[in-house]
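Observations on the three-dimensional arrangement
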Amino acid sequence: MNALLAVALNTYREAIRNRVLYVLALFATLLLFAGGFLTQVSFNHEKRVYLDSAAALIDLFSAFLAMGTGVNLIYKELQNKTVYLILTKPISRTRFLAGKLLGLWAVMWVLTISMGILAAGGSAILGVGGLAALSRQVVLSSFQALVLLSISLLFSSFTTPVLTGAFTFGMFLIGRFVPDLHAILHRKFQPDLARDTADRLLDMLPQLHLFAVSGHELQGRYVSIAADFVSWRYVGITSVYSLLYVLLVMALASWMFRRRDLV
Amino acid sequence: MSVLPLKVENVYKSFHAGLFSGRVEILHGITFSLNPGEIFGLLGRNGAGKTTTLKTIVGLLTPDSGTVSIFGMSPSSVQARRLLGFLPEHPYFYGYLTGREFLEMAAALHGMGSREASRRADELLETVNMTHAADKPLRKYSKGMLQRIGLAQAIVGAPQLIVLDEPLSGLDPVGRRELKEVVLSLKKQGRTVLFSSHILPDVEEMCDRVGIVEQGTLTLVESVDTLLERGTQRTEVELIGDCSKLINHFNKLSFVKRAGATVVTLPRDGDVQGLIAAAIKHGCHISGVKPYRKTLEELLLEAPSGVSEQEDASRKEDTQ
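Here is a short report on the structure shown in this document.

Calculation notes
- Residues numbered from 1 in each chain as written.
- Chains lettered and ligands numbered in written order.
- Predicted model: local features only at pLDDT ≥ 70, side-chain atom pairs only at ≥ 80, totals over all residues.
- Heavy atoms only, no water.
- Phe/Tyr/Trp six-rings, centres within 6.5 Å; stacked < 30°, edge-to-face > 60°.
- Buried < 20%, exposed > 50% of the residue type's maximum accessible area, 1.4 Å probe, protein only.
- Lys NZ or Arg CZ within 6 Å of the ring centre and 35° of its normal.
- Contact = heavy atoms within 4.5 Å.
- Buried area = accessible area lost by both parts, 1.4 Å probe.
- Salt bridge = Lys/Arg side-chain N within 4 Å of Asp/Glu carboxyl O.
- Polar contact = N/O pair within 3.5 Å; in protein donor to acceptor, adjacent residues only side chain to side chain.
- Helix = DSSP H or I, 4+ residues; strand = E, 2+ residues; numbered from the N terminus.
- Nonpolar A, V, L, I, M, F, W, Y, C, P; charged D, E, K, R; others polar.
- Pairing = 2+ DSSP bridges.
- Axes fitted to C-alpha atoms, helices over the stretch in contact; angles between N-to-C directions.

1. Let's talk about the packing of aromatic side chains
A complete count under the given rule lists 14 aromatic pairs over all chains for this structure. With a centroid separation of 6.4 Å and an interplanar angle of 50 degrees, the aromatic rings of B:Y94 and B:F102 are classed as tilted. Given a relative accessible area of 5%, B:Y94 falls into the buried group. For B:F102, a relative accessible area of 2% corresponds to the buried category. Across from the ring centre of A:F257, 5.7 Å away, lies the NZ or CZ of A:R93, which sits over that ring.

2. A few points about the interface of chain A and chain B
Counting residues at the interface gives 26 residues for chain A, matched by 31 residues for chain B. Buried surface at the junction of chain A and chain B, both sides included, amounts to about 2,700 Å², of which 60% is carbon and sulfur. Viewed at the interface, chain B and chain A are joined by two salt bridges. Salt-bridge contacts for A:D261 lead to B:K13; the nearest nitrogen and oxygen are separated by 2.5 Å. At the junction of chain A and chain B, the tally comes to 15 residue pairs in polar contact (both at pLDDT 80 or more). Looking at which element gives the most residues to the side of chain A that touches chain B, the answer is helix α1 (residues 2-16) of chain A, with seven residues. Its residues placed into classes, the side of chain A that touches chain B shows 11 nonpolar, six polar and nine charged.

3. A few points about the side chain of B:D202
Residues and elements named next belong to chain B. Mapping D202 onto the fold places it in helix α7 (residues 200-206). Looking at D202, the relative accessible area reads 1%, which means it is buried. Beyond its immediate chain neighbours, meaning those up to four positions away, D202 contacts L168, R176 and K180.

4. Describing the pairing of strand β8 (residues 209-214) of chain B
Residues and elements named next belong to chain B. With five of six residues buried, β8 lies mostly within the body of the structure. In this sheet, strand β9 (residues 217-223) lies alongside β8 in antiparallel orientation, the contact comprising six bridges. Residue pairing across strands places G211 opposite V221, the latter belonging to β9. Two successive antiparallel strands, β8 and β9, enclose a turn made up of two residues, where Q215 displays a positive phi of approximately 45 degrees.

5. Some remarks on the sheet that holds strand β11 (residues 255-258) of chain B
Residues and elements named next belong to chain B. Taken in spatial order, the four strands make up an open sheet running β11-β12-β10-β13, and their pairing is antiparallel. Lying at the two open borders of the sheet, with one neighbouring strand each, are β11 and β13 (285-293). Averaged over neighbouring strand pairs, the angle between their axes works out to 25 degrees when direction is ignored.

Written out as structure tokens, the structure reads:
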């Protein structure tokens, strides 16, 4: 357990001491303020405009940060050959991957919570409320980041950063539009084996639309962060789903990485 | 029967040369083993396969065929790696960590708690003489300082088998001396050390046995003493006092006067012990015995390629 935590702590340190991360965090802060500015020109919809833009920012920034940092997660260790010093110590490759994932997830929590606090501060200044809904969005975004981190880890365990980035971004896009893709399939094709297979394949992909629900219909009702947002129960179930999905992805990543020659 | 610290049996390793090329075989049936408490030097030219051999031994590479066992265990097992320390060639570090933080992390990877890891890091910083720079980021370290931290991380878990890839390259004479002392002290503690090096005088000074890798094959495994013994060319015995009787007794040998002493030169297979015994009997005092021999470097450069008889025999056994 100490070994796993050592890798996690090191990954966390590496990310936190990386200046690029601060530039991105600053950019996110500026955009949050820009969201506040939007409320000045939104005529009676201040609450909806502010909370929607804040939620979208938290959601997208955490997703892009997860993909951006996850792409290099393993590659940098291999490129810099630091992995030679780590994987010749008594730690299994599976634990090494798990440590890397946990370390970066901790960074994601720090970032999304920081963005959540900033958004809550803006909300308090503007007097638009919505703190509970914002905190639920923070949790959802952090778990979405975990799924994306695990996917980039899977790809980076056997391919280059460019391909890892492309594949992970592809998964992100498809994962966000799974219900729409199902709808297109059902509208355009007759029920047959091919359509059923495509349906099942879509179901096997990460259901990332579950983490960004504001402004969408969910089980027949319209969900908005400014009005009728998802409950904590929904957040809990979605988080459990993401943990199970990550376990599967990690099992696959570990299987691939164990077979890899560290040249 | 005690388990050997390292046993490498008939290891083959190849790599893909490119997308449309076939595989290039780097190691062709490497076989050797290490005895407990010895220092073994792996020698060979650049590209001979030394680093690939070491990476296979520490589990970074998986052999295509053949086996590597560390105290009877596969190097991919966590248990084996508890007994293993490794310093790669040109080690790379996390530049944002300080020397102390890095060693604490290495200790934690060996399962130590934070207090124990901190204590162990301090101890090792002292061992490799790096306490003064413990809290500087590693990116500000010189090559020699990084090499010392590299050695410290390799021995953080008090391993029984230490594998060092070119540990002395790029170090100044003082740094080399200090690192050699650390390695020799490991031997005194009963640890087994395997290292590759280009610096043959260091190998001669430190190693009990050496192995030569040529084009992915181990062409020779020999004790350094035997190798040097083989390279002995002549022995000079320096005598003081009246040596006339002795000169008469050994009239076939050449005796010369040099700086008030009589010096007799014996050929490679000359009876040095017999001469000394006779000198004492005839009332001469022995003031010095000086064997002249070739250096390891000269011997290895002269060594013909080809598998040693012993290795060849064991290889035939393996393939049967």
